[in-house]
Amino acid sequence: MKLDDFLASLADPAPPAGLSEPVAAVWYGLNDQWEQAHGIVQAHEGEADADWVHAWLHRVEGDAGNAAYWYRRAGRPVARGDLKEEGRSIAAELLD
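On a predicted model such as this, the values are computed, not experimentally measured, just so you know. (Residues numbered from 1 in each chain as written. Predicted model: local features only at pLDDT ≥ 70, side-chain atom pairs only at ≥ 80, totals over all residues. Heavy atoms only, no water.)

Draft legend 1. Up close: the overall build of the protein chain. Secondary structure summary: the protein chain contains six helices and zero strands in total. Along its sequence from the N terminus, the protein chain presents helices and strands in the succession α-α-α-α-α-α. The C-alpha radius of gyration of the protein chain comes to 12 Å, within 12% of the 12 Å expected for a compact globule of 96 residues. For the protein chain, with 96 residues in total, the buried portion stands at 41%. Look at the contacts in the protein chain between residues 6 or more apart in sequence, and 43% of them connect residues 24 or more apart. One way to put it: in the protein chain the 8 positive side-chain charges average out to a point 7 Å from where the 17 negative ones average out. (Helix = DSSP H or I, 4+ residues; strand = E, 2+ residues; numbered from the N terminus. Rg over C-alpha atoms; globule rule 2.2 N^0.38 Å. Buried < 20%, exposed > 50% of the residue type's maximum accessible area, 1.4 Å probe, protein only. Contact = heavy atoms within 4.5 Å. Lys, Arg positive; Asp, Glu negative; His and termini not counted. Charge placed at Lys NZ, Arg CZ, Asp CG, Glu CD.)

Draft legend 2. Molecular detail of the nonpolar core. Formed by 27 residues in total, the largest nonpolar core has its most connected members in F6, V26, V53, W56, L57 and I90. Elements that contribute at least two residues to this core include exactly helix 2 (21-30), helix 3 (34-42), helix 4 (48-61), helix 5 (64-74) and helix 6 (83-95). Looking at which element gives the most residues to this core, the answer is helix 2, with seven residues. Excluding residues that lie within four positions of it along the chain, I90 makes contacts with V26, W52, V53 and W56. (Core = buried A, V, L, I, M, F, W, Y, C linked by side-chain atoms within 4.5 Å.)

Draft legend 3. Expanded view of the side chain of D51. Among the secondary structure elements, D51 is positioned in helix 4. Every residue in contact with D51, bar those within four places of it in the chain, is listed here: H44, E45, G46, W70, R73 and A74.

Given below as C-alpha cells:
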C-alpha cells in the first residue's frame, strides 16, 4: 500500500485489510482510537516496529517517560515533533 492510499483510508470506518499490525496500530492512533492501537502493539511487544509505534502512542497519551522507554526498546531516537506528523512518518517508513 502507498502512503497516499493509507492516508486516504483514515476517513474509512476501519483500517484497510492486509496492513501489518504496527501499521494498523498507527491507523487507529491517527484516528484517535488509542486503546485499540495500544492493544495491538502490546500484543507484539519486543518487535522493533511495534515498539516504535508503542513509543509514539505513549507520546500521544502524554507519557514522555514511558515513550522514552519504548523508543529505546525500538532502537529509535526520542521524537519531539508534531504527533500527527510523527504517526504519518512512521506509517510511511513501515509501508516501504
